[in-house]
Amino acid sequence: MNKVKLDEIDHQILDMLIDNTRTPFTDIAKKLLISAGTVHVRVKKMEESGIIKGSSLTLDYVKLGYSFIAYVGIFLEKTHQTKFVLERLSQIPYVTVAHITTGKFNIFCKIRAKDTTHAKNIIFKIDDIEGISRTETMISLEESINDKRRLMHTIFNEL
């Protein structure tokens, strides 16, 4: 995979967008003393090269009533069932992240729920997927760090 070359202006644009993806291009242009058209062209170029893959919305799940987080380690009967199980997991909207892993579990996923009863129902739904032999659940007491911006700033400063 080829590493994409970014110049100082690209870095500054990305820094501002990392801090707030909704920053208008005109505001970025004013701060960098360039035209809004230049910002637009550079962002478009970074999107086309795959550096920028859309933008995201951050929700306060607690305010929406989904404060319960659990991590579910999944043991498969056979590893060739991984794709099938992942397809079934993707049909459960409360499964927000899933990773194929090495070590103890075949798949490790994160779920969001309203409360323990809701989480139990989600976990039972996961357990019922064909190919899963058993699961192991860990309840999150508190999400202490969830900050992708620090990593993104570090990566862009290393480029």
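Worth saying up front: this structure is predicted, and the values here are computed from it rather than measured.

So, on to the UniProt feature "domain: HTH asnC-type" (unreviewed entry) in the protein chain. Following the UniProt record, the feature "domain: HTH asnC-type" (unreviewed entry) maps to residues 6–67 here. Span residues 6–67 is 53% helix and 0% strand, its end C-alpha atoms 39 Å apart.

Burial of strand β1 (residues 68–76) is extensive: 8 of the 9 residues sit out of reach of the surface. Of the pairings in the sheet, the one linking β1 to strand β4 (residues 132–139) comprises 7 bridges and is antiparallel in character. Across the sheet, residue Gly73 finds its bridge partner in β4, namely Glu136.

The description of an aromatic ring pair rests on the distance of the ring centres and on the angle between the ring planes. The full count for this structure, using the stated rule, is 4 aromatic pairs. A ring pair is formed by Tyr66 and Tyr94, whose centres lie 6.1 Å apart and whose planes are at 15 degrees; its orientation type is stacked. With Tyr66 in the loop between α3 (36–48) and β1 and Tyr94 in the loop between α4 (82–89) and β2 (95–100), the pair connects residues that are 28 residues apart, well separated along the chain. When the ring of Phe75 is compared with that of Phe105, the centres are 5.2 Å apart and the planes differ by 65 degrees; the resulting orientation is edge-to-face. A residue pair is termed long-range when its members are at least 10 positions apart, and Phe75 in strand β1 and Phe105 in the loop between β2 and β3 (107–113) qualify at 30 residues. For Phe75, a relative accessible area of 13% gives the class buried.

Calculation rules
Note on numbering: residues in each chain are counted from 1, in written sequence order. Residue-level local features of this predicted model are given only where pLDDT is at least 70; pairs of side-chain atoms are given and counted only at 80 or more, and the full residue set underlies all totals for whole chains, interfaces and linings. Just so you know, side-chain values use all the structure's heavy atoms and leave hydrogens and water out. UniProt positions are given in the numbering used here, feature names are shortened, and annotations may be inferred rather than shown by experiment. The secondary structure listing takes helices from DSSP runs of H or I that are at least 4 residues long and strands from runs of E that are at least 2 residues long, numbered from the N terminus. Classification of residues uses two cut-offs on accessible area relative to the type maximum, computed with a 1.4 Å probe and protein chains only: under 20% is buried, over 50% is exposed, and between them is partly exposed. Any two strands with at least two DSSP bridges between them are considered paired. Stacked, tilted and edge-to-face pairs are distinguished by plane angle, under 30 degrees for stacked and over 60 for edge-to-face with tilted covering the rest, among Phe, Tyr and Trp rings (Trp via its six-membered ring) whose centres lie within 6.5 Å.

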